[in-house]
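The lines below spell out each chain.
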Amino acid sequence: MQLGMIGLGRMGSNMVRRLTRAGHHCTVFDHDADAVGRLAAEGATGASSAADLLARLPSPRVLWIMIPAAAVDTLLQSLTPALQPGDILIDGGNSYYGDDRRRQQALAPRGVRYLDVGTSGGVWGLERGYCLMIGGDTEAVRHIEPILAALAPGASAHEPEGSRESAGSAGAAAPRTRAAASSAARGYLHVGPSGAGHFVKMVHNGVEYGLMAAYAEGFNLLHSAGTGPAEGVVSAETAPSHELVPREYRFNLDEIAELWRHGSVVSSWLLDLMASALAKAPTLENYTGHVADSGEGRWTVQAAIDSGVPVPVLATALFARFSSRGQADFADRMLSAMRYGFGGHLEQSGKPVVTPDKPAGVPAKPR
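Residues numbered from 1 in each chain as written. Predicted model: local features only at pLDDT ≥ 70, side-chain atom pairs only at ≥ 80, totals over all residues. Heavy atoms only, no water.

Each helix and strand counted, the protein chain has 15 helices and eight strands in total. Partitioning the contacts of the protein chain with sequence separation of at least 6, the portion at a separation of at least 24 is 65%. Surface accessibility of the protein chain: about 21,300 Å² in total, with carbon and sulfur atoms responsible for 57%. (Helix = DSSP H or I, 4+ residues; strand = E, 2+ residues; numbered from the N terminus. Contact = heavy atoms within 4.5 Å. Areas by Shrake-Rupley, 256 points an atom, 1.4 Å probe, with all protein chains shown as cover.)

One can find Arg321 in helix H14 (residues 312-324). For the buried Arg321, which has no salt bridge, the nearest side chain bearing the opposite charge is Glu208, at an N-O separation of 5.1 Å. A polar contact of 2.9 Å, which involves the side chain of Arg321, links it to the backbone oxygen of Ala292. If near-sequence neighbours (up to four positions away) are discounted, Arg321 is found in contact with Tyr209, Met212, Val291, Ala292 and Asp293. (Buried < 20%, exposed > 50% of the residue type's maximum accessible area, 1.4 Å probe, protein only. Lys, Arg positive; Asp, Glu negative; His and termini not counted. Salt bridge = Lys/Arg side-chain N within 4 Å of Asp/Glu carboxyl O. Polar contact = N/O pair within 3.5 Å; in protein donor to acceptor, adjacent residues only side chain to side chain.)

In space, the eight strands of this open sheet follow the order S3-S2-S1-S4-S5-S6-S7-S8, with mixed pairing throughout. Only two strands of the sheet have a single partner each, and these edge strands are strand S3 (45-46) and strand S8 (188-192). One ladder, built from five bridges, connects strand S1 (residues 2-6) with strand S2 (residues 25-29); its direction is parallel. The partner of Leu3 across the bridge, within S2, is Cys26. Packed onto the sheet, helix H4 (residues 72-79) meets S1, strand S4 (62-65) and strand S5 (88-91) and runs at close to 155° relative to S4. (Pairing = 2+ DSSP bridges. Axes fitted to C-alpha atoms, helices over the stretch in contact; angles between N-to-C directions.)

Let's shift gears to the nonpolar core. Among the nonpolar cores identified, the biggest contains 31 residues, and Met5, Val28 and Trp64 are the most heavily contacted of them. Among the elements that line this core, the one with the most residues is helix H8 (residues 145-151), at four residues. One finds Ile65, Leu75, Val112 and Tyr114 within the second-largest nonpolar core, a separate group that totals 19 residues. (Core = buried A, V, L, I, M, F, W, Y, C linked by side-chain atoms within 4.5 Å.)

Turning our attention to the environment of Ala216. Mapped onto the elements of the fold, Ala216 is located in helix H10 (residues 196-224). Once the C-alpha coordinates of Ala216 and Met274 are considered, the two residues, 58 residues apart in sequence, prove to be 9.3 Å apart.

Next up on the list: the confidence of the model for the protein chain. A low pLDDT score tells you not to read the predicted coordinates there in detail. On average, the protein chain scores 89 in pLDDT, and the residues at 70 or more come to 86%. Of the regions scoring below 50 in pLDDT, residues 164-171 engages in nine contacts with residues more than four places distant in sequence or in other chains. (pLDDT = per-residue confidence, 0-100.)

Before going further, it helps to spend a moment on the packing of aromatic side chains. For the structure shown, the criterion picks out six aromatic pairs. Ring centres of Tyr96 and Tyr97 lie 4.7 Å apart, and the angle between their planes is 50°; this geometry places the pair in the tilted category. What makes Tyr96 partly exposed here is its relative accessible area of 28%. Between Tyr97 and Phe199, the aromatic rings sit 4.9 Å apart at their centres with planes inclined by 80°, giving edge-to-face as the arrangement. Residue Tyr97 is located in helix H5 (residues 97-107), and its partner Phe199 is located in helix H10; the two are separated by 102 residues in the primary sequence. (Phe/Tyr/Trp six-rings, centres within 6.5 Å; stacked < 30°, edge-to-face > 60°.)

And the structure:
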């Protein structure tokens, strides 16, 4: 098939490469001319603009965009006048599902079919394949199925251990479930009407936040084990403990991460990535811990509120990302101020003591 791709960042470029390897022809455009040039050198056709890209595609045209969610409407404003009945427009980024429904309704009277495709795989998708969650018109999905199949991992790739085990007698073949018989087993699935693809991807990313937070908290506990207050410390500012973690506990986190990759119920690709990072730098000194959120976690929590569904783990994981960026600092200072106010409690952070008469960052007055 022939496909136009607009947006040649980390994922868009590798998706073009994977499609090219599978025998599809891609016409590509990005504001970064070097990115266009690199892919043209690998077999794609470079375009000088989005309009030029559309002009190079045969009808009905299939156009896939991989750009930030905030930039989609601006691009569509320039593309829409040139779109023709039968064209298929695919948003493979991380757009809000409500925006998908609005765009589909705006494009439908022109005969343009709009698909939202939640795309997971990151920078490893070129080799591993991409998990694709698709929303929109059924016939349009069928039309682009060769593209979806080329991008997805395929049936035999990265099969989870035990996923085909049967509850029956030893050696019996596992029953073929509806899910196993569908395209889901190959890494792509038409999940519903317009917006549904990005809704499923939104929840996927919310779950990702929670999984990542659980790993981070567990390894932080291992990292800090044995570093609590010294035995015998008696202070109104130190919580007493009857069972202090032995101070001789010093864990090699890189080895524990590697250990958990083998036979553990918490093994996963995320753990693989973490083990790799710890192997390179066991203290992760190359990272500041300033953790961004790109929107899907917020939308997941909002959807849960709208639906009356409790998601405490996902919400806490999102809020932890806010805290990592210093957005809890003022609240923490408020807590210290109140404790000092009602009990005269001084901060015990290892930093110079801060009190109302000696604010943070202000040198103490000489006596």
